[in-house]
Amino acid sequence: MRRLPLAARRAAAWAADYAYAVGRIAHSLVTREPRWARTPLRGAGVPVVLVPGVYESWRFLEPLAGRLHDAGHPVHVVHELGLNHADVRTGADVVARHLARLALPAVVLVAHSKGGLIGKQVMLDGVATAGVPGAPRVLGMVAVNTPFAGSSYARYLPVAAVRALSPAGVRSLGRQRAVDAAITSVYASWDPHIPGGSELPGARNVRVPVSGHFRILGDPRVQDTIAAAVADYAT
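Residues numbered from 1 in each chain as written. Predicted model: local features only at pLDDT ≥ 70, side-chain atom pairs only at ≥ 80, totals over all residues. Heavy atoms only, no water.

*Asks:* Would you mind going over the overall build of the protein in detail, with residue names and values included?
*Replies:* Per the secondary structure count, the protein includes seven helices and six strands. Over its C-alpha trace the protein gives a radius of gyration of 17 Å, about what one expects of a compact globule, namely 18 Å for 235 residues. Its C-alpha atoms give the protein principal-axis dimensions of roughly 60 × 40 × 35 Å. Burial status across the protein gives 49% buried among its 235 residues. Here the analysis covers contacts within the protein between residues at least 6 apart in sequence; of these, 72% occur between residues at least 24 apart. Computed over 26 positive and 15 negative side-chain charges, the inter-centroid distance for the protein is 4 Å. (Helix = DSSP H or I, 4+ residues; strand = E, 2+ residues; numbered from the N terminus. Rg over C-alpha atoms; globule rule 2.2 N^0.38 Å. Buried < 20%, exposed > 50% of the residue type's maximum accessible area, 1.4 Å probe, protein only. Contact = heavy atoms within 4.5 Å. Lys, Arg positive; Asp, Glu negative; His and termini not counted. Charge placed at Lys NZ, Arg CZ, Asp CG, Glu CD.)

*Asks:* Which residues make up the nonpolar core, and what values do they have?
*Replies:* Core analysis: the biggest nonpolar cluster contains 33 residues, and Leu50, Leu68, Val110, Ile226 and Val230 have the highest contact counts within it. Ignoring any residue separated from it by four or fewer positions in sequence, one finds Leu68 in contact with Val48, His73, Val75, Val110, Ala227 and Val230. By size, the runner-up hydrophobic cluster in this structure holds 32 residues, among which are Val78, Val88, Met123 and Val179. (Core = buried A, V, L, I, M, F, W, Y, C linked by side-chain atoms within 4.5 Å.)

*Asks:* Requested: an account of helix H6 (residues 167–174), with residues and values cited.
*Replies:* Among the residues of H6, Val170, Leu173 and Gly174 are the ones counted as buried. An end-on view of H6 places all buried positions within 95° of arc, on one side of the element. (Arc of directions from axis to C-beta.)

*Asks:* Summarise unusual backbone geometry; cite the residues concerned and give the values.
*Replies:* Here Ser113, not a glycine, exhibits a phi torsion of approximately 55°, which is positive. Position of Ser113 among the secondary structure elements: in the loop between strand E3 (107–112) and helix H4 (114–128). Residue classification places Ser113 among the buried residues on the basis of a relative accessible area of 6%. A positive phi is found at Asn145, a non-glycine position, where the angle reads about 50°. For Asn145, the location among the structural elements is in the loop between strand E4 (138–144) and helix H5 (160–163).

*Asks:* So, the packing of aromatic side chains: which residues are in play, and what are the values?
*Replies:* According to the stated counting rule, one finds four aromatic pairs in the structure shown. Between Tyr18 and Phe214 the ring centres are 6.0 Å apart and the planes differ by 70°, which places this aromatic pair in the edge-to-face class. Of the two residues, Tyr18 sits in helix H1 (residues 6–30) while Phe214 sits in the loop between strand E6 (204–211) and helix H7 (220–233), which places them 196 residues apart along the sequence. Residue classification places Tyr18 among the partly exposed residues on the basis of a relative accessible area of 33%. Note on Phe214: relative accessible area 11%, which makes it buried. Centroid distance Phe60 to Phe214: 5.6 Å. Interplanar angle 55°. Geometry classified as tilted. On the criterion of sequence distance, the pair formed by Phe60 in the loop between strand E1 (48–51) and helix H2 (62–70) and Phe214 in the loop between E6 and H7 is long-range, its members being 154 residues apart. These aromatic residues form a ring-pair network of at least three members: Trp14, Tyr18, Phe60, Trp190 and Phe214. (Phe/Tyr/Trp six-rings, centres within 6.5 Å; stacked < 30°, edge-to-face > 60°.)

*Asks:* Explain the environment of Ala71 to me, and be specific about the residues and the numbers.
*Replies:* For Ala71, the location among the structural elements is in the loop between H2 and strand E2 (75–77). On the basis of relative accessibility, which here comes to 39%, the residue Ala71 falls in the partly exposed class. Each C-alpha atom, one on Ala71 and one on Arg207, is 22 Å from the other, the two residues being 136 residues apart in sequence.

*Asks:* Quick one: what's the story with the pairing of strand E5 (residues 183–190), residue by residue and with numbers?
*Replies:* The buried fraction of E5 amounts to seven of the eight residues, a majority that puts the element mostly inside the structure. With four bridges joining them, E4 and E5 adopt parallel strand pairing. Counterpart to Val142 in the pairing with E5 is Thr184. Where E5 meets E6, six bridges bridge the pair, whose relative direction is parallel. Within E6, the residue paired with Ser185 across the bridge is Asn205. (Pairing = 2+ DSSP bridges.)

*Asks:* Tell me about a nonpolar patch on the surface, residues and numbers included.
*Replies:* On the surface, Ile25, Leu29 and Val30 cluster together to form a nonpolar patch covering roughly 340 Å² of accessible area. Judged by relative accessible area, which is 68%, Val30 ranks as exposed. (Patch = residues over 30% accessible without salt bridge, like charges linked within 9 Å, V, L, I, M, F, W, Y side chains within 5 Å. Areas by Shrake-Rupley, 256 points an atom, 1.4 Å probe, with all protein chains shown as cover. Salt bridge = Lys/Arg side-chain N within 4 Å of Asp/Glu carboxyl O.)

*Asks:* Outline the sheet that holds E3, supporting the account with residue identities and numerical values.
*Replies:* Taken together, six strands build an open sheet; the order of strands is E2-E1-E3-E4-E5-E6 and the sheet is parallel. The open sheet has two free edges, formed respectively by E2 and E6, since each of these has just one partner strand. Along the sheet, successive strands turn relative to each other by an average axial angle of 20°, direction set aside. Pairing between E1 and E2: three bridges, direction parallel. The partner of Leu50 across the bridge, within E2, is Val77. On top of the sheet, H2 reaches E1, E2 and E3; it is set at about 145° to E2, its chief contact. (Axes fitted to C-alpha atoms, helices over the stretch in contact; angles between N-to-C directions.)

So this is what it looks like as structure tokens:
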């Protein structure tokens, strides 16, 4: 059977990606949050804090969160982020305040897209406040399809929260390398939103054989990869 041309395969992947995103939005509108999203259950695994992408509620990450929950990780949701349309600095402050309220000895961040930039800023702030009582201790972060070098497409969109993810918008954060070794960047073989990819020099980079920006979160193989990376930070 003849294989479809690359352009056709990518068009199909793009359509599937948006179908997945619409499905997640619809699911969040017609179903209740799982109980553990409000009261995380205790588990033997390291606690996880979710950081969604731009204009995403945490429920975009729900399939992945469920996998981590089933693996024994208490999963914490930062409801105060809402749809995450504030700038990275503001988002990092929101997450840091949430971590301080949790008062856990250690956590791992699991982030999608822009959430990885917020997570990196939280980690950088943690380096600056190391040893300060009440400062959150982040063991590391698993970031999925994060535009660490920005997305060349972002500059063309007339939405400030998205334009901020252009290469120029993330350049300052990218120059700060102190925490990159504590980041695992998991990214699709082809991401229609981040044409330059999500490889982060100095980090652990894991390219997975899945296309798409959103539906990667629901792929069981990718979920297994992320769960293994989270567990690695606890050893």
